[in-house]
Structure formats: structure tokens, C-alpha cells
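Residue strings, one per chain:
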Amino acid sequence: MRAVKIKRENLSGFLKAIEPFGELWGPVKKGDQFSLDKISDYSEIDLTALRTKIPFKKLLLPPKFSMFSFDEKGYKPNIEDIPNRVIFGLHPCDIHGLNIMDAFHNQQYPDAFYNARRSKIAVIGLSCTPDELCFCKTTNTHYAEKGFDLFFTDLGDIFVIWVGSSLGDDMVRECPELIDENVTPEDLKKYIEWRRKRESKFKSDMDFTGMPSIMELSWDASIWEELGEKCLSCGACTIVCPTCPCFNVFDEVELNEDKGERYRQWDSCLFKEYSMVAGGHNFRESRAQRLKLRFTHKLQAFVGAFGEPACVGCGRCVDTCPVDIDIKSVGLRLIGEEVMA
Ligand code: SF4
Ligand code: SF4
């Protein structure tokens, strides 16, 4: 992969130069949280941001959107007028999350609504320093090798820029006066030192590799009933998760005019109504059953279908669940480690 570099003071000049590639989105500090926002002033971007509260998925599949309009003559998909966007500042875990979402939405029946937005998005990744909630090293998602157009590694006075696609190459060629093609042995030394320091900051060393078989053997474990007693069914863990794609579909009809719209809206497997079918039967009536579904999907079923867990160790669910039920604490409980509850 080609690498070039840029001086730190030239970052805003670079972001300005790539304006023709689409509207810029990046992490902005809001109170004590970070939000992925549309950027109008480059100084709003917080280069120290870790996880944004709601991940990038909101730009690929908005929380609620109209799929198509219909009337008595037919229907018209609403996938036009999607703007080009450049997302700046995705960290390796989220880039892995994006790769998972790409794979998930392009199985036997590719998702036209996902792909329409995805094809308009350019990704500029950014290196990060883990905090105590990150466990991406555990899920082997702490470096990104694919799934970005450019990736910036922050080495202090310079960023090394990894060029991951022809679109990324076009971006760096947009402003040759700001880009230095000459990555020196001195830069390499700094890069190796940066990796060494970053590695030393990861605290969690939980082993996720045995999870599919441990989940299989834990089907009747008492932990599910115990956690079900605590879970509030609020769905916050799925809303913040970059790899949770579940949705509901419903129509809004204008009764007097024979027309309407079909909407798609985020849903959560933790909601009671999620598994309710016609006639009112619910095949996951209890919170324990719904929690087991979520963790089975993340740690076992997804591995069977895609070869890796549907968790990238971003720490969002750890940060969000009001009663401390998250993938890390559940994983640790399943392998018999003591966890603060
Ligand atoms: S399960 Fe939790 S830690 Fe894993 S990707 Fe989802 S929000 Fe992040
Ligand atoms: S596990 Fe936590 S965040 Fe998820 S639904 Fe239950 S209480 Fe809410």
C-alpha cells in the first residue's frame, strides 16, 4: 500500500482541497460525548475523539428513511439525491465494522438502499489511542488494512497517509503541494515507536477465539435468566453498535389520496415486539431469550456465516448499557472470569 505524508498544519488545507469529493463528516465534541457530524468549520473536528456515540451506520442506513413512495399506479424508490460524503476520522474498529456491514448487506440479495448510500461515501480513517473501554485488540480489529480510501496515522508533527483506493489516490493528487511523497527512515522510526506505545495501552486480553463453541455450550446456562432480570429492554446497546443492522418496515398511507410511503426504521432484537408475529405470538417473550439471541448472533452465528464475530471491540455498548450488560462483561462471564456487576 502506498504511503505519503502531510504536515499537521496542512490538515485543514487538505480537507479544504478535497471539498469536491463530498460533504465532510467528522467527530465533534458535544458535552462529554463525541458525535459524528457534518463539518462546516474544520476546527470543529476533534482529533482526540474515540468512539462517537452513534456510529457511522447512521449515514448508511439513517434511523428512519423512506424506501419508496407508492400510489395506485405503482411505486418509486427513494434512492436518488443522496449526496457524496467523506467521513473523516473513522478508527480501525469502525472500519472493521464498516467491512462487516458491507458483507452483511451484500449477501444473496444485496441491499439497494444500503449500497446506494455506501457508493457515495469515501472513508478517511484516523489512528487512535485506546482508553479503558476499548477492546479492539481482543477482537483483532485494532489495525485496518482495508475498507478505507485513506488512513491517517497521527505521528505528532506529521500524519503518514496510507492510500487504500484509487479514490484515495485521487484525493491526495488533488493537492500535491501539501503532500510529501518522501517517507523517510526517520518517519519509519517514529511510526514504529508510535505502534509500540499504542500496543502498551491496550488493557484487555480476553480471548474471543473460543466464543462460538462456548456460546454453543452455554445455551442453557443460568447467566441468561440472571441477566434477563436486569436488562431494561431499552435497546440502547443495539442502537450504538456499529454492526447491529436490524430494522422494521412499515407503511404510512394517506387514506383519502390512495398513496403513501414505505419506511424503514432501526429496530432492536432486545425490544419485546421484535419477535412478535401475526396473531400476537412472541417466540422470544422473555428478556433472557432476547439477550441470548443478541449474544448468540454476535459471538456464534455471525462467525459461522462470515468467519469473524460481529463485534469490533469499540466499547460503545460497554459505555452505554445502564445496567452494565455488554459484550465484554458477558463474554468474560461465559469464560468464567469474575466481572464487577
Ligand atoms: S457489541 Fe459492543 S463493543 Fe462490540 S461492536 Fe457492538 S457496540 Fe462495539
Ligand atoms: S443490555 Fe443494557 S443497553 Fe441493552 S437493552 Fe438491556 S439494559 Fe438496554
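Treat the numbers as computed from the prediction; the structure is a model and nothing was measured. (Residues numbered from 1 in each chain as written. Chains lettered and ligands numbered in written order. Predicted model: local features only at pLDDT ≥ 70, side-chain atom pairs only at ≥ 80, totals over all residues. Heavy atoms only, no water.)

What to know about the overall build of the chain
Piece 1. The number of helices and strands found in the chain is twelve helices and twelve strands.
Piece 2. Here the C-alpha atoms of the chain give a radius of gyration of 22 Å, agreeing with the 20 Å that 2.2 N^0.38 yields for 341 residues.
Piece 3. In terms of overall dimensions, the chain has a C-alpha envelope of 65 × 60 × 40 Å along the principal axes.
Piece 4. Burial analysis of the chain (341 residues in total) assigns 50% to the buried set.
Piece 5. Considering only contacts within the chain whose residues lie at least 6 apart along the sequence, 74% involve residues at least 24 apart.
Piece 6. Surface accessibility of the chain: about 17100 Å² in total, with carbon and sulfur atoms responsible for 52%.
Piece 7. Charge-centre separation for the chain: the mean point of 44 positive side chains lies 2 Å from the mean point of 53 negative side chains. (Helix = DSSP H or I, 4+ residues; strand = E, 2+ residues; numbered from the N terminus. Rg over C-alpha atoms; globule rule 2.2 N^0.38 Å. Buried < 20%, exposed > 50% of the residue type's maximum accessible area, 1.4 Å probe, protein only. Contact = heavy atoms within 4.5 Å. Areas by Shrake-Rupley, 256 points an atom, 1.4 Å probe, with all protein chains shown as cover. Lys, Arg positive; Asp, Glu negative; His and termini not counted. Charge placed at Lys NZ, Arg CZ, Asp CG, Glu CD.)

Considering the sheet that holds strand S1 (residues 2-7)
Piece 1. As summarised here, the arrangement of the eight strands in space is S3-S2-S6-S7-S8-S9-S1-S10, forming an open sheet in which the pairing is mixed. The two strands at the open ends of the sheet, each matched to only one other strand, are strand S3 (33-38) and strand S10 (179-180).
Piece 2. Across five bridges, strand S8 (residues 150-154) lies against strand S9 (residues 158-163) in antiparallel orientation. Paired with Asp154 across the bridge in S9 is Phe159. (Pairing = 2+ DSSP bridges.)

Topic: the packing of aromatic side chains
Piece 1. Going through the model one piece at a time under the given rule, you end up with twelve aromatic pairs.
Piece 2. Taken together, the aromatic side chains of Phe14, Phe88, Phe152 and Phe159 make up a single cluster linked through ring pairs.
Piece 3. In this arrangement the basic side chain of Lys57 is found over the ring face of Trp266, its NZ or CZ atom lying 4.9 Å from the centre.
Piece 4. Sitting over the ring of Phe65, Arg117 keeps its end group 4.6 Å from the ring centre. (Phe/Tyr/Trp six-rings, centres within 6.5 Å; stacked < 30°, edge-to-face > 60°. Lys NZ or Arg CZ within 6 Å of the ring centre and 35° of its normal.)

A few points about the site of ligand 2
Piece 1. Looking at ligand 2, there are 13 residues lining it, with Cys231, Cys234, Gly235, Cys237 and Cys321 nearest.
Piece 2. Here the residues of the shell around ligand 2 sort into eleven nonpolar, two polar and no charged. (Near = heavy atom within 4 Å. Nonpolar A, V, L, I, M, F, W, Y, C, P; charged D, E, K, R; others polar.)

Describing the site of ligand 1
Piece 1. The environment of ligand 1 is formed by Phe135, Cys241, Pro242, Arg294, Cys311, Val312, Gly313, Cys314, Gly315, Arg316, Cys317 and Ile327.
Piece 2. When the residues that make up the shell around ligand 1 are grouped by side-chain class, the tally is eight nonpolar, two polar and two charged.

Thoughts on the environment of Phe135
Piece 1. By secondary structure assignment, the location of Phe135 is in the loop between strand S7 (121-126) and S8.
Piece 2. Phe135 sits in the buried class, given a relative accessible area of 2%.
Piece 3. Measuring from C-alpha to C-alpha, the distance between Phe135 and Glu9 comes to 31 Å, with 126 residues separating the pair along the chain.

Here we look at the packing of helix H8 (residues 223-230) against helix H10 (residues 287-306)
Piece 1. The geometry of H8 relative to H10 is characterised by a closest axis approach of 8 Å and an angle of 110° between their N-to-C directions. Put simply, H8 runs roughly perpendicular to H10. Judged by the twist between their axes, the crossing of H8 over H10 is right-handed. Here H8 contributes Trp224, Glu225, Leu227, Gly228 and Glu229 to the contact with H10, which in turn contributes Arg287, Ala288, Leu291, Lys292 and Phe295.
Piece 2. Here the contact of H8 with H10 is built from residues that sort into five nonpolar, one polar and four charged. (Axes fitted to C-alpha atoms, helices over the stretch in contact; angles between N-to-C directions. Parallel < 35°, antiparallel > 145°, perpendicular 65-115°, else oblique. Left-handed = near helix turned anticlockwise from the far one by under 90°.)

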